[in-house]
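Spelled out, the chains give:
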Amino acid sequence: MDIRKFLISEQNSNNVKDDGIAIASSSGIGSELPTEVSKKSNNSSKSGLEMVSPQDVSNIEVDIFHHKFDLGNFVNPQKPISDSIKFDLIKSPFKPSINYNFKGDSREGKSKRAFRYEWFQQFEWLAYSSKLKGALCKNCVIFRPAVNRGVQGAFIVRPFIKYNDFIASAKAHSTSDWHKQSTVRAENFIKSIEGKTLPIIDQISNAERELTELNRKKLYPIISTIIFCGTHDLPLRGTTKGNFEDLLDFRVESGDQLLNEHLTSCNKNAKYTSHQTQNELISICGSIIRKEIVEEVNASDGFSIIADESADIAGKEQLSLGVRFVDKANNIREEFLGFSELTTLNANGISNTILNFCLEHNLNMDKLVGLGFDGCSTMAGHENGVQKRIRDKYPKATFFHCASHKLNLVINDLNRIQDIQNTAATIKEIINFFRDSPLRRKYIPNLPLFSETRWSAKYKSIRVFAANFVEITNALDTLAFSSDVNIQTRTKANQLLTSVSASKFIVCLFIMAKYSSKLEPICNILQSKEMDLLLVKKHVDELLQILKSQRNDPDKYFHEIYEKCVDYANKFKLEITVPRIASKQTQRANYVLNGTEEYYKVSLFIPYMDSIIQSISLRFSADTSTAFLLSEIHPRKLGTELILKQDEISQKYDLENFAAEIETWIELWKTKTVDENLGFQEILDHEVHFFPSIKKAINIFLALPPTSVTIERSFSTMRRVKTWLLSNFT
């Protein structure tokens, strides 16, 4: 359609805006179009209309349909521009048609040249204002840059009209800081409106989050290296760089670009590799692990505190603390929580240290159901011990003497038999004699130390010693008469050879070796985290049954031991003899019996067996506490005592509807065949979904501590952590 046919009638003059530009009638483009342009003139025709030149009509057309987006309307605006207008101005600002009469606009300017249309393609930021009749920068007008120095002029606060040097001026404006600043703001604004980026507030949050993520990525290899050193028992620091810094260098050499960039570009005080930062990161790692453990403990039905103390390399008493509980997956967990230095070693000081540690780390003490300590009077005292003080504050807790400690005390009770005591001391002395010298050690197979505190190690030492007794005797014989060793070695070897050649030593050794091999697996079984009080009782009862049956038939079982003694003696041309019988014996009993075998059976074997059986029966006597009654929930043990004391159990452990559930539980198992190997954990996995109180009672029972072995193990770790160097220089 020819634009020249558009005319504006005089009757539509009421639609003329303040700037003198007429707007098309409300009839729109599809209605009858105006054919005239109203112009006021002293020499107007009779109709009041005056024809307009084609060039002017072209300019009017642009003004009519695009003046709303004419950038000249927004130079130095009086009011803030809305985001929608800004978006339209940036994306589709006023742009005259290719037929626009730019020369007509330039007549009023000072330039003899006119704006050229092809400049729009050369400069994407360029806009033209028909209102101001000049060129503007759309970015700088809409997002006017701040003035730090200088004065803003053409393209920003006024149109550019000196077209003689337009190209040079436009390029200069493109490289100016003002234009760059406005362009960045315009690009961010468009991305925000189009959803390609977030608003400023969200951008700040995102920037902060991205910075946090970047810092975490930088810290990751540092923390990972610290954890690697810790899990592989490597010291972090050394005399020069140390393992920690060497491992970081190794990571960089292996291609860790992020770590390399961080170490090479960061400030010297922001590397996060100093020993202070290392200690802080180690502490944070420990706090996070401890917090996760405590959260799981507090989510359980009940937990027990396990504790023991030992001195570190610096001579400071360290109390090791841990917890035992059943997690959501029905797994029995024993977790180490930390060391706490003891300032006083009395019951009051130790109990306060335990309670303060638990409260400091937010353990829910209302769920404390058990205490696992050793049997010393300070810890286990019934009147003023640590366990009594804690139970006074938290009545739900029940104290249990560590089963491994009790089994170790069973062996110590055998020292009442003097010959057994002397034999154990001689075994320990022989092992130390060979281990103290590399030259002597090569004469015998490797022998484990006879440790008084490592329970299973003691039994293993005796068993291995007896198995290698022939080689040990030969080694002592060689050293006792060798000219290649010094006099002290020959003398000591001769003394020990005399001791091992004695009949009593030989008989006691093989008696101890036989029953150490039976006690060793029981001791190892008790160290399992999955062990519970019911299983402890089961294993101990089985051991007692075996010992009693062998005690009741000494002729058979001692005869096997005696044959080994005779076989050993024959290899060295020795003879098993009876000690002399004094007329007046004050230190030992005189046994007048027929035969050597009969003598040692009565004087050693039977007292040894009686001592073991009596000690085990006494120290592992039946537990009648309310907590141990929970074991009778097991289908193999369902009995009347559980029914009689169900109210007491329910009240102590807050078990709702326990009585009704027990009644249904008993009826349920009457119709089932109970597997002999059925354990409480299997019951938790399959049988208690509809018995919430019984499930809670079983979880509480499994949380009761049969041993404190987990805490005992922490002392080995303490020796690696609390080294002499660390204890004296930090």
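Just so you know, these numbers come straight off a predicted model, no measurement behind them. Each residue is numbered by its place in its chain's sequence as written, counting from 1. With the structure being a predicted model, the display of local features is reserved for residues of pLDDT at least 70 and the display and counting of side-chain atom pairs for 80 or more, all residues being used for whole-chain, interface and lining totals. Heavy atoms throughout the structure, all of them, feed into the side-chain values; hydrogens and water do not.

Student: What is the right way to read the overall build of the protein chain from this model?
Tutor: Check the secondary structure of the protein chain and you find 32 helices and seven strands. Burial statistics for the protein chain: of 730 residues in total, 44% are counted as buried. Any two residues having at least one pair of non-hydrogen atoms within 4.5 Å are treated as being in contact. Taking all contacts inside the protein chain whose residues are at least 6 apart in sequence as the whole, residues at least 24 apart take part in 67%. For the protein chain, the computed accessible surface area is about 40,200 Å², with 50% contributed by carbon and sulfur atoms. Secondary structure elements follow DSSP: runs of H or I of four or more residues count as helices, runs of E of two or more count as strands, with numbering from the N terminus. Any residue under 20% of the maximum accessible area for its type is buried, any over 50% is exposed, and the rest in between are partly exposed; the area is computed with a 1.4 Å probe on protein chains only. Surface accessibility follows the Shrake-Rupley procedure with a 1.4 Å probe radius. Residue values consider only the protein chains on display as shielding.

Student: Please explain the pattern of salt bridges as it appears in this structure.
Tutor: In a structure, side chains of opposite charge can pair up when their charged atoms sit close to one another. Whenever a carboxyl oxygen of Asp or Glu lies within 4 Å of a side-chain nitrogen of Lys or Arg, that contact is scored as a salt bridge. Evaluated as defined, the whole model comprises 17 salt bridges. For the salt bridge of arginine 251 with aspartate 256, the shortest nitrogen-to-oxygen distance reads 3.6 Å. For the salt bridge of arginine 333 with glutamate 335, the shortest nitrogen-to-oxygen distance reads 2.8 Å. Taken together, the salt bridges that share partners define one network made up of Glu296, Asp327, Arg333 and Glu335.

Student: Help me out: how do you make sense of the packing of helix α16 (residues 418-435) against helix α19 (residues 469-480) in this one?
Tutor: For helices, the axis comes from a line fit to the C-alpha atoms of the stretch in contact; other axes are also lines fit to C-alpha atoms, and the angle between any two N-to-C directions lies between 0 and 180 degrees. It is the contact of α16 with α19, at a shortest axis distance of 12 Å, that shows an interaxial angle of 60°. Here α16 lies oblique to α19, going by the angle between them. In terms of crossing hand, the pair formed by α16 and α19 is left-handed. Packed against α16, whose contacting residues are Ile430, Phe433 and Phe434, the element α19 presents Ile472, Ala475, Leu476 and Leu479 at the interface. Under the convention adopted here, Pro, Cys and the residues Ala, Val, Leu, Ile, Met, Phe, Trp and Tyr are nonpolar, Asp, Glu, Lys and Arg are charged, and Gly plus all remaining residues are polar. Looking at the contact of α16 with α19, its residues break down into seven nonpolar, no polar and no charged. Roughly parallel refers to an angle under 35 degrees, roughly antiparallel to one over 145, roughly perpendicular to one between 65 and 115, and oblique to any angle outside these ranges. Handedness of each helix crossing follows the sense of rotation of the near helix against the far helix: counterclockwise by less than a right angle gives left-handed, clockwise gives right-handed.

Student: Can you help me understand the environment of leucine 479 in this one?
Tutor: Structurally, leucine 479 is set in helix α19. Since its relative accessible area comes to 0%, leucine 479 is described here as buried. Between the C-alpha atoms of leucine 479 and asparagine 494, which are 15 residues apart in sequence, the distance is 7.8 Å. Sequence-distant contacts of leucine 479, defined by excluding residues within four places in its chain, comprise Phe433, Phe434, Arg440, Tyr443, Val485, Arg490 and Ala493.

Student: What should I look at first to understand the confidence of the model for the protein chain in this one?
Tutor: Residues shown with low pLDDT carry predicted positions that ought not to be read at fine detail. In the predicted model, the protein chain carries a mean pLDDT of 80, and 83% of its residues have values of at least 70. The score called pLDDT rates the predictor's confidence residue by residue, from a low of 0 to a high of 100. Low pLDDT, under 50, characterises residues 1-66; the stretch is placed with 73 contacts to residues that sit more than four places away or in other chains.

Student: Would you mind going over the sheet that holds strand β6 (residues 368-373) with me for this structure?
Tutor: Strand pairing in a sheet relies on backbone hydrogen bonds, with the paired strands running either antiparallel or parallel. Pairing is mixed across the open sheet formed by five strands, whose spatial order is β5-β4-β3-β6-β7. Two strands bound the open sheet, and with one partner strand each, they are β5 (332-341) and β7 (398-401). In this sheet, neighbouring strand axes are inclined to one another by 25° on average, regardless of whether the strands run parallel or antiparallel. Sheet topology places β6 next to β7; four bridges connect them, and they run parallel. Bridged to glycine 372 within β7 is phenylalanine 400. Of the strands in this sheet, β3 (303-311), β4 (317-326), β5 and β6 touch helix α30 (residues 692-703), which is tilted by about 155° from β4. Two strands are said to pair when DSSP picks up at least two bridges between them.

Student: When you look at the pairing of β5 in this model, what are you seeing that I'm missing?
Tutor: Looking down a regular strand, the side chains alternate between one sheet face and the other. As paired strands, β4 and β5 are joined by nine bridges and run antiparallel to one another. Looking at β5, one finds that leucine 321 is bridged to glycine 338. Where β4 hands over to β5, the hairpin turn is made up of five residues, of which asparagine 330 adopts a positive phi near 65°.

Student: What's the story with the packing of helix α22 (residues 533-551) against helix α24 (residues 596-619) in this structure? I'm lost.
Tutor: Two numbers describe a pair of packed helices, the interaxial angle and the distance between the axes. Running from N to C, α22 and α24 point in directions that differ by 155°, and their axes come no closer than 10 Å. Classified by the interaxial angle, the pair formed by α22 and α24 is roughly antiparallel. Along this stretch, α22 crosses α24, giving a crossing that reads as left-handed. The residues of α24 that touch α22, namely those facing Val540, Leu543, Leu544, Leu547, Lys548, Gln550 and Arg551, are Phe605, Ile606, Met609, Asp610, Ile612, Ile613, Ile616 and Ser617.

Student: How should I be thinking about the side chain of aspartate 532 in this particular structure?
Tutor: Tracing the sequence through the fold places aspartate 532 in the loop between α21 (503-526) and α22. Think of a polar contact as two N or O atoms within 3.5 Å of one another; within protein, one of them needs to be a possible hydrogen donor and the other a possible acceptor, and neighboring residues in sequence only count if both atoms come from side chains. Within the structure, aspartate 532 has its side chain in polar contact with the backbone nitrogen of leucine 534 (distance 2.9 Å). Sequence-distant contacts of aspartate 532, that is, excluding residues within four places in its chain, are made with Arg324, Phe701, Leu702 and Pro706.

Student: How do you make sense of the nonpolar core when you look at a structure like this?
Tutor: Nonpolar cores were defined as sets of buried Ala, Val, Leu, Ile, Met, Phe, Trp, Tyr and Cys residues, with membership established by side-chain atoms within 4.5 Å. By size, the foremost hydrophobic cluster in this structure holds 70 residues, and its most contacted members are Phe465 and Leu476. Take this core: its biggest share by element is 14 residues, from α21. In this view, leucine 476 contacts Ile430, Phe433, Phe434, Ala493, Leu496, Leu497 and Val500; residues no more than four positions away in its chain are not counted.

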